[in-house]
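Coordinate analysis (summary)
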Amino acid sequence: MGADRPQHVLLTGAAGFIGFHVAGALLDAGIAVTGVDSLNDYYPVTLKTDRLARLTGRSGFRFHHLDIADHAALKAAEGALQADAVIHLAAQAGVRYSIDNPFAYAQSNLVGHLSVLELVRHSPARPRLVYASSSSVYGDTATAPYSESERVDHPVSLYAATKRSNELISESYSKLYGLDQVGLRFFTVYGPWGRPDMAYWTFTRDIIEGRPIRVFNNGQLERDFTWIDDIVAGVVATALRAPATPQPLHRVYNIGNNRPVELGRFISAIEEAVGRKAEKIMAPMQPGDVRATCANIDALKRDYGFSPSTRLEDGIPRFVRWYRDYTGT
Ligand SMILES: NC(=O)c1ccc[n+]([C@@H]2O[C@H](COP(=O)([O-])OP(=O)(O)OC[C@H]3O[C@@H](n4cnc5c(N)ncnc54)[C@H](O)[C@@H]3O)[C@@H](O)[C@H]2O)c1
C-alpha cells in the first residue's frame, strides 16, 4: 500500500446508495475522493443525480461519469491512477433483474471488476482495493449464521454467480500480482438515500400510498438488515487501516448485522413508522431469492473492530422520515 493512511480514494459507484454515503464519510475525514459512476437507469437516475448534487462542490470531491467496463475511459479519468486506495462498489445490483438482463451483469460485474483490477495493478501507489461482494454468494444451502469458511459453490442467481466470480478473480490477482485486497459480503443494507428496488423502500412507498404489498414466500423470509452508517464505518475501516492481525493479501469478510429479522417484524416496524397497517398479498418465493441471510461477523470484528449498533426498530423510522421528506409524501 502506497501510504500509511490513504489521502485520496478512487470510489466506483459513487452515485449509488452505499457509494454516496462512503464518499460523504471520506470527505468528512478530509480524504479526497475521485468518484466514478455510469448513472445507469436500473432505478430512477434522478435519485443518483440528487445524491451527487450533495457531493459536488464539496472540497476534495471530483466526479467522472463513465462506465468502469470501458477500461480506456477509466484509466484516462483524471485522478484514477493516482489514488492510494480504491473502493469498488459499482455493479449491476439486484437479484430479480438478472433474469431479464443477464448481459448487464456480465458487463458491469465481470468486465467492470476486471477493469478495476487492471487499473489497481498498474497504479503506481499499488493501492489497496476494497470491493463489494454479497451475502447472495451463500445461496440457499449454507448453514446460518454464514461464516466466510463456508463453501460457496452453489449460487442461485446470476448476480450471485458474478459476485462469487469477483472473489475468485480477485484471489488470482493477489496471487499473480501481490495486490492487497478486501472483499466485503454485504447483507441487505438500508437507510436514507437507499435503493428503490429493495423491500424496505417498496413496502414503505406502498403502505404510505395505501397500496397492497406482496409478501413473498408467505412471509417465511429472514434478512440480516444492516444500517447504512454501520456499513460505511466497516467499509472505511477496511480501506484506511491494516487488519489488527496479519491476514492473507486477499481477504473476504461478511459485513452484516448478525441479527436476522423475520419479514413480519420488518413489516410491523414499517407500519408503525408510517402509522398505517399494510394490506398484504401472500406470494410464492421469487426465483433467485434465498429464504434467510444471517452473517457471522466475528472476522471483521476481530480484524477491524466492526461493531454494528443500529437496531431495525431505530433504523426503520429514520428511513421512513427521510423517505417522506425526500418524496414529499
Ligand atoms: N445494498 C445492498 O443491500 C447490497 C447487498 C449486497 C451487495 N451490495 C453491493 O454493494 C455495491 C453497492 O450497492 P448499492 O446498494 O449502493 O447499489 P446501487 O445500485 O445504488 O449503486 C451501484 C452504482 O454503480 C453504478 N454502476 C453500475 N454499473 C456501472 C458501471 N459499469 N460503471 C460505472 N458505474 C456503474 C450504478 O449507476 C450505481 O449508481 C454493489 O456492488 C452491490 O452489488 C449491496
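A brief report on the enclosed structure follows.

**A word on the packing of helix α8 (residues 263-274) against helix α10 (residues 312-327)**
Packing of α8 against α10 brings their axes to within 9 Å, and their N-to-C directions diverge by 45°. Here α8 lies oblique to α10, going by the angle between them. Remark: the crossing between α8 and α10 carries right-handed chirality. For the pair α8 and α10, the contacting residues are Phe 266, Ala 269, Ile 270, Ala 273 and Val 274 in the first and Leu 312, Glu 313, Ile 316, Pro 317 and Val 320 in the second.

**Some thoughts on the site of the ligand**
As a matter of local geometry, the ligand sits amid 28 residues, with Gly 13, Gly 16, Ala 91, Ala 132 and Phe 186 nearest to it. The set of elements that each furnish at least two residues to the shell around the ligand consists of α1 (17-28), β2 (32-37), α4 (102-121) and β5 (128-134). Ranked by residues supplied to the shell around the ligand, first place goes to α1 with three residues. Of the residues that constitute the shell around the ligand, the class distribution is 14 nonpolar, ten polar and four charged.

**As for the sheet that holds strand β1 (residues 8-12)**
Reading across from one edge, β3-β2-β1-β4-β5-β6-β11 is the order of the seven strands in this open sheet, with parallel pairing throughout. Each edge of the sheet is formed by a strand with only one pairing partner; in this case those strands are β3 (61-65) and β11 (250-255). When the angles between neighbouring strand axes are averaged without regard to direction, this sheet yields 20°. Looking at chain direction, β1 and strand β4 (residues 85-88) are connected through four bridges and run parallel. Directly across from Val 9, in β4, lies its bridge partner Ala 85. The strands that α4 touches are β1, β4 and β5; relative to β4, the one it contacts most, it runs at about 180°. Lying on the sheet, helix α5 (residues 158-177) is in contact with β5, β6 (181-186) and β11; it crosses β5 at an angle near 155°.

Quick notes on the rules
Throughout, a residue's number is its position along its own chain's written sequence, starting from 1. Whole-chain, interface and lining totals are the exception, using all residues; otherwise, since this is a predicted model, local features are given only for residues with pLDDT of at least 70 and side-chain atom pairs are given and counted only at 80 or more. For every element, the axis is a line fit to its C-alpha atoms; helices are fit only across the contacting stretch, and the angle between N-to-C directions ranges from 0 to 180 degrees. Working definition: helices are DSSP H or I runs of at least four residues, strands are E runs of at least two. Numbering for both runs from the N terminus. Roughly parallel refers to an angle under 35 degrees, roughly antiparallel to one over 145, roughly perpendicular to one between 65 and 115, and oblique to any angle outside these ranges. For any helix crossing, the convention is left-handed if the near helix is rotated counterclockwise from the far helix by under a right angle, and right-handed if that rotation is clockwise. We call two residues in contact when their backbone-placed C-beta atoms lie within 7 Å. Nearness between a residue and a molecule or strand is assessed with a C-beta atom placed from the backbone; a distance within 6 Å qualifies. Side-chain classes are defined by residue name, with Ala, Val, Leu, Ile, Met, Phe, Trp, Tyr, Cys and Pro counting as nonpolar, Asp, Glu, Lys and Arg as charged, and the others, Gly among them, as polar. Strand pairing is defined by DSSP finding a minimum of two bridges between the two strands.

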